[in-house]
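# A closer look at the structure
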Amino acid sequence: MSRGQEQRRLLPAYLATGTSPGVGLSGTLDSLAALRASGMPLARYHTAVHQRVIELLTDGSLSVVELAGYLGLPVSVTLVLAEQLVTDGQLKATVPIPDALRASNDGRPSKEVLEEVLSGLHALLAA
């Protein structure tokens, strides 16, 4: 490690979740899901990292990816943390819906999206 670089302990990232290695995701959350604290208190078995997640989300919401950046953890580990807290009721998650698939469009892309796609295809053909 060169001078000026921050030294940090080399620990397996899964230790932040309080689970064993190999504990997988249930797949209910997306990395772009918006998370916010529900206001429920943490249980005794939650780790200090769980507490930090709640602190970061107390006054607003963040996506899983943003939360991973603040925690300095891989997105996969942050997904496990978030799923644990959603399952336990301390977090609420909202999965973003692309504009093109909103209910007002009956499941079809909007005219604007189709025009952008067409414009992109024309640009590819011209190149």
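Look up: the structure comes first, before these words.
Report follows, based on the coordinates.

The rules behind the values
Residues numbered from 1 in each chain as written. Predicted model: local features only at pLDDT ≥ 70, side-chain atom pairs only at ≥ 80, totals over all residues. Heavy atoms only, no water. Helix = DSSP H or I, 4+ residues; strand = E, 2+ residues; numbered from the N terminus. Buried < 20%, exposed > 50% of the residue type's maximum accessible area, 1.4 Å probe, protein only. Contact = heavy atoms within 4.5 Å. Polar contact = N/O pair within 3.5 Å; in protein donor to acceptor, adjacent residues only side chain to side chain. Pairing = 2+ DSSP bridges. Core = buried A, V, L, I, M, F, W, Y, C linked by side-chain atoms within 4.5 Å. Arc of directions from axis to C-beta.

## Notes on the overall build of the chain
- Check the secondary structure of the chain and you find four helices and three strands.
- Considering the chain as a whole, with its 127 residues, one finds that 24% of them fall into the buried category.
- Partitioning the contacts of the chain with sequence separation of at least 6, the portion at a separation of at least 24 is 70%.

## Concerning the side chain of His46
- Structurally, the position occupied by His46 is in the loop between strand E1 (34–37) and helix H1 (48–57).
- One polar contact links the side chain of His46 to the main-chain amide nitrogen of Ala43, over a distance of 2.9 Å.
- In this structure the side chain of His46 is engaged in a polar contact, spanning 2.9 Å, whose partner is the side chain of Asp88.
- Discounting chain neighbours no more than four positions away, the residues touching His46 are Leu85, Asp88 and Gln90.

## Side note on the pairing of E1
- Bridging between E1 and strand E2 (residues 61–63) involves three bridges; their strand directions are antiparallel. Residue pairing in the sheet places Arg36 in a bridge with Ser61 of E2.
- Note: E1 against strand E3 (residues 91–94), four bridges, orientation antiparallel. Bridge assignment links Ala34 to a residue of E3, and that residue is Thr94.

## Structural notes on the nonpolar core
- In terms of nonpolar packing, the biggest core is built from 18 residues, with Leu29, Leu35, Val53, Leu57, Leu67, Leu71 and Leu91 touching the most fellow members.
- Put simply, the parts of the chain that give this core at least two residues each are H1, helix H2 (64–71) and helix H3 (75–88).
- Excluding residues within four positions of it along the chain, Leu35 makes contact with Leu29, Leu57, Gly60, Ser61, Leu62, Val64, Leu67, Ala82, Val86, Leu91, Lys92 and Ala93.

## A short note on H2
- Taken as a whole, H2 has its buried residues at Val64, Leu67, Ala68 and Leu71. Axial view of H2: buried residues confined to an arc of 105°, hence all on one face. The exposed residues of H2 that point more than 90 degrees off its buried face are Gly69 and Tyr70.
- Looking at the buried positions of H2, the neighbouring elements they touch are E1, H1, E2 and H3.
- Downstream of H2 by one or two residues, Gly72 has phi in the positive range, about 70°.

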